[in-house]
Amino acid sequence: MSEVGKGSADGHGVGAGAESRPGSGSAHAAAGKVAEPAQHRPRWRSVGPGLVVAATGIGAGDLVATLVAGSRFGYSLLWAVVVGCALRIAFAEGAARWHLATGRTLFDGWRSLGRWTLYYFGIYALLWGFVYGATAMSVSALPLAALFPGVADLKVWGVGTALLGLAFVWFNRYRVVERVMTVLVGVMFVVVVVLAIRVVPDAGQTLAGLVPTLPDGSVVYTLGVIGGVGGTITMAAYGYWVNAKGWGSPAWMKMMRLDNATAYAATGVFTVAMIIVGAELLHATGTALDGASGLVGVGEVLEERFDPLTATLFLVGFFAASFSSLVGVWHGVSLLFSDYVRSAAQPRGSGEGRPGPGGVGAVASGERERSVPFRFYLLWLTFPPIVLLFLDRPFALVIAYGVLGALFLPFLAGTLLVLLNRRDMPTRWRSGWVSNSMLVAAALLFVVLCAEQIRTLPW
């Protein structure tokens, strides 16, 4: 993805210990006035933040969407997975490029567009977190209840996963979160890919599915597959995870792009595997899938077709996908919220257009992980949503959540288009035609998805 921004430095690499120096080279110059530092050599072993954002974005909802697409339309929507991954690469790359090129966080950029951006995010984050917290708990509980029947009620499992996520993020820092998330990504990736191989996919139909087609009645599902490959609000967290990794200057741009592309290539393979499973396992048998709870039924189908071990492994992969999403949101969106509070507290007209002291590297991220707003949002994600596990979700809340949730990615795409093309963005790192085209396409796509979301709500 080196062509996403204008230009790509061909610098020399650095020693093996370079990554351990957070924020190296983070004394950013004013836009384009001095030469950028040489690029750090991209290293596969340093890949990490992209896997975290991709794993966070792949939850039970994505498993359901792709399985349903495969069960209804076979292989014909595989091309939509490729498009969805490409759009997510553009989103994440743009957010991280802003952080690295300017030395400012995304909220500094949003705030410079007007305080309305902060009002929007504050309302959205509180509402989204309240409903997402309950959803993440219940979905993470489903595979555990199926793996250990009779041990505890579904609600107890749900509260247990939320408390486990809270304790883990509260007492650990980004590097530990990344390691655990990498393990969970590996588990869910291996389980789903092996399962896709075991159901014996049709190679001819698989290749044909990469050619764009729209079967009758597939438009909404196609948009859902494109829009559902890898997260919403967590796309904005990628720049913060990049900083937490210790990448704090333009010198890390190549490494960030390798990290981002690798993560979403893996996401694409995972999603294609899920469509294959849906096509071969559900489409062929006429099995219907009803929401996240239907994923437990997939385990039962696997047990009938193969053996109990295969069903168990699927439930383990299901839990890895759900719990990795929970942990990623507990950490990443809490980082976003802590920076939102910092930005909102600044007096009007202050701090805009200047890099933060020493950049926005790992030290600043470590401070955010210990901040009061970070921990407040952790608690907000964990305890208030428990109410929704025991009570029906309020009708008005569901409507507001659906509308605001569908509106976030057009907001992110539109603001990135402005920020990445402004004069205060270093000339070398402003968006090229590829990045701009993909962000425009994404904004239009998600506006359509938002309209569809509103249209189908039970008013």
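These numbers come from a predicted model, not from an experiment. (Residues numbered from 1 in each chain as written. Predicted model: local features only at pLDDT ≥ 70, side-chain atom pairs only at ≥ 80, totals over all residues. Heavy atoms only, no water.)

### As for the overall build of the protein chain
Phase 1: Of regular secondary structure, the protein chain possesses 18 helices and 0 strands.
Phase 2: Residue burial in the protein chain is summarised as follows: out of 459 residues, 58% are buried.
Phase 3: The long-range fraction of contacts in the protein chain, counting pairs at least 24 apart against all pairs at least 6 apart in sequence, stands at 89%.
Phase 4: Element-wise, carbon and sulfur atoms account for 67% of the exposed surface of the protein chain, whose accessible area totals about 17800 Å². (Helix = DSSP H or I, 4+ residues; strand = E, 2+ residues; numbered from the N terminus. Buried < 20%, exposed > 50% of the residue type's maximum accessible area, 1.4 Å probe, protein only. Contact = heavy atoms within 4.5 Å. Areas by Shrake-Rupley, 256 points an atom, 1.4 Å probe, with all protein chains shown as cover.)

### Some remarks on the environment of Leu315
Phase 1: Among the structural elements, Leu315 can be located in helix H13 (residues 308-345).
Phase 2: Remark: the alpha-carbon pair of Leu315 and Leu147, spanning 168 residues in sequence, is separated by 7.0 Å.
Phase 3: When neighbours within four sequence positions are excluded, Leu315 is seen to be in contact with Pro143, Ala146, Leu147 and Val296.

### A few points about the nonpolar core
Phase 1: Within the largest apolar cluster, 136 residues are counted, with the highest numbers of intra-cluster contacts made by Phe91, Leu106, Trp110, Phe121, Trp330, Phe408 and Leu412.
Phase 2: The element contributing the most residues to this core is H13, with 17 residues.
Phase 3: Setting aside anything within four residues of it in sequence, one finds Trp330 in contact with Tyr132, Gly133, Ala136, Ala162, Gly165, Leu166, Val169, Leu378, Leu381 and Thr382. (Core = buried A, V, L, I, M, F, W, Y, C linked by side-chain atoms within 4.5 Å.)

### Re the environment of Ser431
Phase 1: Looking at where Ser431 falls in the secondary structure, it is placed in the loop between helix H17 (395-419) and helix H18 (433-455).
Phase 2: Residues Ser431 and Leu419, spaced 12 residues apart in sequence, show a C-alpha to C-alpha distance of 9.4 Å.
Phase 3: A polar side-chain atom of Ser431 sits 3.2 Å from a polar atom in the side chain of Arg97. (Polar contact = N/O pair within 3.5 Å; in protein donor to acceptor, adjacent residues only side chain to side chain.)

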